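# Structural characterization, general
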2 protein chains.
Amino acid sequence: MFRNFKMVSKVVFGRGCASQLGDILNAQRRSSKAVMVFLVDDVFKGGTLESRLPLHADDLMVWVNVDDEPKTSYVDQLTTQVKKHMVGKQDRHPSGVIGIGGGSTMDLAKAVSLMLTNAGSSADYQGWDLIKNPAVYHAAVPTLSGTGAEVSRTTVLTGPKKKLGINSDHTVFDQIVLDPELIAGAPNPQRFYTGMDCYIHCVESLEGTYLNSFSQAYGEKAMDLCREVFLADPEDADDKLMMASFCGGMSIAYSQVGVCHALSYGLSFVFGLHHGIGNSVVFDYLEDFYPQGVREFRQMMDRLGIDLPRNLTAGITDAQMNSMVDVALVLEPLWENALGKDWKTIMTREKIQELYLKM
Amino acid sequence: MFRNFKMVSKVVFGRGCASQLGDILNAQRRSSKAVMVFLVDDVFKGGTLESRLPLHADDLMVWVNVDDEPKTSYVDQLTTQVKKHMVGKQDRHPSGVIGIGGGSTMDLAKAVSLMLTNAGSSADYQGWDLIKNPAVYHAAVPTLSGTGAEVSRTTVLTGPKKKLGINSDHTVFDQIVLDPELIAGAPNPQRFYTGMDCYIHCVESLEGTYLNSFSQAYGEKAMDLCREVFLADPEDADDKLMMASFCGGMSIAYSQVGVCHALSYGLSFVFGLHHGIGNSVVFDYLEDFYPQGVREFRQMMDRLGIDLPRNLTAGITDAQMNSMVDVALVLEPLWENALGKDWKTIMTREKIQELYLKM
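Owing to the predicted nature of the structure, the values given are computational and were not obtained by experimental measurement. (Residues numbered from 1 in each chain as written. Chains lettered and ligands numbered in written order. Predicted model: local features only at pLDDT ≥ 70, side-chain atom pairs only at ≥ 80, totals over all residues. Heavy atoms only, no water.)

Broken down by element type, chain A carries 14 helices and 10 strands. Its C-alpha atoms put chain A at 60 × 45 × 45 Å along the principal axes. Burial statistics for chain A: of 359 residues in total, 63% are counted as buried. With an accessible surface of roughly 13300 Å², chain A has 49% of that area assigned to carbon and sulfur atoms. (Helix = DSSP H or I, 4+ residues; strand = E, 2+ residues; numbered from the N terminus. Buried < 20%, exposed > 50% of the residue type's maximum accessible area, 1.4 Å probe, protein only. Areas by Shrake-Rupley, 256 points an atom, 1.4 Å probe, with all protein chains shown as cover.)

An order of S4(A)-S3(A)-S5(A)-S7(A)-S10(A)-S2(A)-S1(B) is seen for the 7 strands of this open sheet, with the pairing classed as mixed. If you trace the sheet from one side to the other, it starts and ends with strand S4 (60–64) of chain A together with strand S1 (5–6) of chain B, each paired once. By the bridge criterion, 2 bridges tie strand S2 (residues 10–13) of chain A to S1 of chain B in an arrangement that is antiparallel. Looking at the pairing, lysine 10 of chain A lines up with lysine 6 of chain B of S1 of chain B. (Pairing = 2+ DSSP bridges.)

Facing the 36 residues of chain B at the interface are 36 residues of chain A. At the junction of chain B with chain A, the criterion picks out 4 salt bridges. Put simply, lysine 221 of chain A and glutamate 220 of chain B hold a salt bridge, and the shortest N to O gap is 2.5 Å. Our count for the chain B to chain A interface comes out at 17 residue pairs in polar contact (both at pLDDT 80 or more). Of all the secondary-structure elements, those providing two or more residues to the side of chain B that touches chain A are S1, strand S2 (10–13), helix H6 (213–232) and helix H7 (237–251) of chain B. A class-by-class count of the residues in the side of chain B that touches chain A yields 17 nonpolar, 9 polar and 10 charged. (Contact = heavy atoms within 4.5 Å. Salt bridge = Lys/Arg side-chain N within 4 Å of Asp/Glu carboxyl O. Polar contact = N/O pair within 3.5 Å; in protein donor to acceptor, adjacent residues only side chain to side chain. Nonpolar A, V, L, I, M, F, W, Y, C, P; charged D, E, K, R; others polar.)

When chain B is fitted to chain A, the residual RMSD is 0.0 Å, and the transformation amounts to a turn of 180° plus an axial shift of 0.0 Å. The superposition of one copy onto the other is thereby described by a two-fold rotation axis. Interface overlap between copies is the fraction of interface residues in one copy that are interface residues in the other; for chain B against chain A it reaches 100%, indicating a shared surface. (Least-squares fit on C-alpha atoms with pLDDT ≥ 70 in both.)

Next up on the list: the side chain of threonine 171 of chain B. Position of threonine 171 of chain B among the secondary structure elements: in the loop between strand S9 (163–167) and strand S10 (175–178). With residues near it in sequence (within four places) discarded, threonine 171 of chain B still touches Lys110, Leu114, His138, Arg153, Thr154, Thr155 and Ile166 of chain B.

On to the nonpolar core, then. The nonpolar side chains of soluble globular proteins are, as a tendency, buried together. Formed by 254 residues in total, the largest nonpolar core has its most connected members in Phe246 of chain A together with Phe246 of chain B. Residues within four places of phenylalanine 246 of chain A in sequence aside, it is in contact with Val11, Glu150, Val151, Ile176 and Leu178 of chain A together with Met7, Phe214 and Tyr218 of chain B. (Core = buried A, V, L, I, M, F, W, Y, C linked by side-chain atoms within 4.5 Å.)

Taking 1.5 Å per residue, 15 residues should reach 21 Å; H7 of chain B reaches 20 Å between its end C-alpha atoms and fits that length. In terms of burial, H7 of chain B is a largely internal element, 15 of the 15 residues being buried. (Expected span 1.5 Å × (residues − 1).)

Turning next to the packing of aromatic side chains. Taken as a whole, this structure holds 25 aromatic pairs over all chains when the rule is applied. Here the aromatic cluster, defined as three or more aromatic residues joined through ring pairs, consists of Phe5, Phe13, Phe214, Tyr218, Phe246 and Tyr254 of chain A together with Phe5, Phe13, Phe214, Tyr218, Phe246 and Tyr254 of chain B. The ring of tyrosine 265 of chain A has lysine 163 of chain A lying over it, and the distance from NZ or CZ to the ring centre is 4.6 Å. (Phe/Tyr/Trp six-rings, centres within 6.5 Å; stacked < 30°, edge-to-face > 60°. Lys NZ or Arg CZ within 6 Å of the ring centre and 35° of its normal.)

A full pass over the atoms with the stated rule returns 44 salt bridges over all chains. Between aspartate 236 of chain A and lysine 240 of chain A there is a salt bridge, and its shortest N-O distance comes to 3.0 Å. The exposure class of aspartate 236 of chain A is partly exposed, given its relative accessible area of 22%. Given the relative accessible area of 7%, lysine 240 of chain A is considered buried. Between lysine 163 of chain B and glutamate 69 of chain B there is a salt bridge; the shortest N-O distance is 3.0 Å. One end of the pair, lysine 163 of chain B, is in strand S9; the other, glutamate 69 of chain B, is in the loop between strand S4 (60–64) and helix H3 (72–86), and 94 residues separate them in sequence. For glutamate 69 of chain B, a relative accessible area of 12% puts it in the buried group.

Here we come to the environment of tyrosine 265 of chain A. Residue and element names in this part refer to chain A. In this fold, tyrosine 265 is placed in helix H8 (residues 259–271). Taking the relative accessible area as the measure of exposure, tyrosine 265 reaches 11% and is therefore buried. Each C-alpha atom, one on tyrosine 265 and one on histidine 275, is 7.6 Å from the other, the two residues being 10 residues apart in sequence. If near-sequence neighbours (up to four positions away) are discounted, tyrosine 265 is found in contact with Val156, Lys163, His275, Val327 and Leu331.

So, on to the sheet that holds strand S1 (residues 5–6) of chain A. Spatially, the 7 strands line up as an open sheet ordered S1(A)-S2(B)-S10(B)-S7(B)-S5(B)-S3(B)-S4(B), and their pairing is mixed. Looking along the sheet, the strands with just one partner apiece sit at the ends: S1 of chain A together with S4 of chain B. Strands strand S3 (36–41) and S4 of chain B of the sheet are contacted by H3 of chain B, whose axis makes an angle of about 160° with S4 of chain B. (Axes fitted to C-alpha atoms, helices over the stretch in contact; angles between N-to-C directions.)

Let us look at the domain arrangement of chain A. All names here are of chain A. Assigned domains within chain A: domain 1 (10–183) and domain 2 (190–357). Each of domain 1 and domain 2 has a C-alpha centre, and these two points are 25 Å apart. With 30 residues of domain 1 at the contact, the number on the domain 2 side is 25 residues. Together domain 1 and domain 2 conceal approximately 2300 Å² of surface at their shared face, both sides included; 66% is due to carbon and sulfur atoms. Across the salt bridge formed by arginine 15 and aspartate 239, the nearest N and O atoms sit 2.7 Å from each other. Along the contact surface separating domain 1 from domain 2 lie 10 residue pairs in polar contact (both at pLDDT 80 or more). Secondary-structure elements contributing two or more residues to the side of domain 1 that touches domain 2 are S2, strand S8 (156–158), strand S9 (163–167) and strand S10 (175–178). (Domains from an automatic or database assignment. Buried area = accessible area lost by both parts, 1.4 Å probe.)

Residue and element names in this part refer to chain B. Put simply, helix H8 (residues 259–271) and helix H11 (residues 318–330) touch, their axes get as near as 7 Å, and they point 140° apart. One way to sum up the angle between H8 and H11 is to call them oblique. Pair H8 / H11 crosses with right-handed handedness. Between H8, through Ala262, Leu263, Tyr265, Gly266, Leu267, Phe269, Val270 and Phe271, and H11, the contact on the second element is made entirely by Gln320, Ser323, Met324, Val327 and Ala328. Split by residue class, the contact of H8 with H11 holds 10 nonpolar, 3 polar and no charged. (Parallel < 35°, antiparallel > 145°, perpendicular 65-115°, else oblique. Left-handed = near helix turned anticlockwise from the far one by under 90°.)

What follows deals with the pairing of strand S7 (residues 138–142) of chain A. All names here are of chain A. Among the 5 residues that make up S7, 5 are buried, leaving the element largely enclosed by the rest of the structure. Neither face of S7 is open: one carries His138, Ala140 and Pro142, the other Ala139 and Val141, and all of them are buried. Across 5 bridges, the pairing between strand S5 (residues 96–101) and S7 is parallel. Paired with isoleucine 98 across the two strands is alanine 139, which belongs to S7. Inspection of the sheet shows S7 paired to S10 by 2 bridges, in the parallel sense. Across the sheet, alanine 140 pairs through a bridge with isoleucine 176, a residue of S10.

In structure tokens:
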């Protein structure tokens, strides 16, 4: 049984293409009174991006804070805010939800668009194919590249009990606006960590047991582009990084991520680490699993003078350790992809603990 | 202004995935009485593929003949046949049109699905964005790889006056089923010529003036895959050729084809040559425009012992020559992509004639 992969419906790519956002959204507005909801990373408050947003009078603009990774409670709160905004409006739902920011902001936009049409808490839908109703139209304008959130069928959320995505065909964006000019200002090490998310996607996809030629083609291209961007500094590095993220995300369609992502989820759950940093912290200890990938990753780090956070787990309590291991072990497809059907004989609780204690 | 590129909605890829076609289509059948229309290349008559078609009692199966490239008259005839089949049925339109074959068959399926919901003759819609109404659901199961028809927004048709596609977002397939096992049986030189369509897409896209990083990423990957398939015979050549075709088609999204395709359209219009052969015949005379590409193409030909048809235009009439030149010159975006904004000063009628006379 092969997955029937839902692709993003429409993509516009090019330097300056974000200026077309207004026209693109106008085509989706159901009437002159239609409401669009903009969720925008609050790092852009007061900047030029804010002044370029194609807001109409009845639209809702929300600055979202993603200092922490998106939580289900935050998604529920934003959904309530949108619902309140819609009271007394002509339409029941907004004509669209647009996420402008990095992976976390895009994930918030996906999740809110889903929760407007699906009852209950977003925590009820963490898992695979639990969403019942189509989302409202949702679009993304990435301002950081690497996560692949722009093309994935998941929105990764930290819930009361687990860090796990809402995986559904309905999660996939209807529109993405890929403007390399928007990622030009991203500071290091954030740009690096987010880029490494993509690089690690490629390593885990290409060395996984689930790989097929579709995932391989995308994974190889994304890896080539990462190498160019982080080992050669081409003039069009932003364009290439944006395409690397796109291709890396597509590569996961028929494969999966692996050891690094599984461990990183646990680490983020307990320490609240951002996904990109979490991945980088973990990956540096995975030479046994991905020797060539880890070597190249260190080359990229050295080149940019990146200092990884160390000794995170020093002084960790037993309860925290158990929680990390539990979160990591839930992610069975990741382990199976990385280590094969017998992964449970290789990746025991003790082995995972041992790895975590190094970090 | 950047194109807002419509992508295929769903894609399933994998060896044997065509066996999922029945389930995929069942999810689209509007009722137990719903009709699916299968347009299947008649080379498969009596073969195993025929027995595997997931036909329901009320479905319509049509063997299509693509010895000639698809004509608008043939599209209109098939559309009438489908409409007649629907008389007395519960639904006005079929629940879907499925093309099973190479680029020509896929193009027929696209065109029929459009013409069921748009009045008049398909010849009325040859051009860009002339289609008014969405098509009925349409899916493709390629049995030859290279044309990129599985992902493109065009269906190339020969009309009474021109060879030109119906270019529209509505043309794009809702579903593609990419099963490398289905292309395993394609005989040479047909497999080669169709593969070269992809290779030439890459050369023309990568060397065109319209190129951006999106088209470049896809074009480079498709070219790498073509090289593997035609210069190295990998074990998974069918899988790789299928992905090359997919990526080559995606590469055209933001770029265009160029000199070879423009001239090939004229050649096909007058001599009824199939697109893949036409491209190969033309490409061999384009060393001035694509020196490296033509050299590598010849290497691939030599390796497979391909003999190109020669002296096609010997004894051509003035009327035929004028017609070829006219058809080629209509394709302005192709020329502009290949030669820049001043292309008219480079590619005169005389220059085109001179090239045609060599072929």
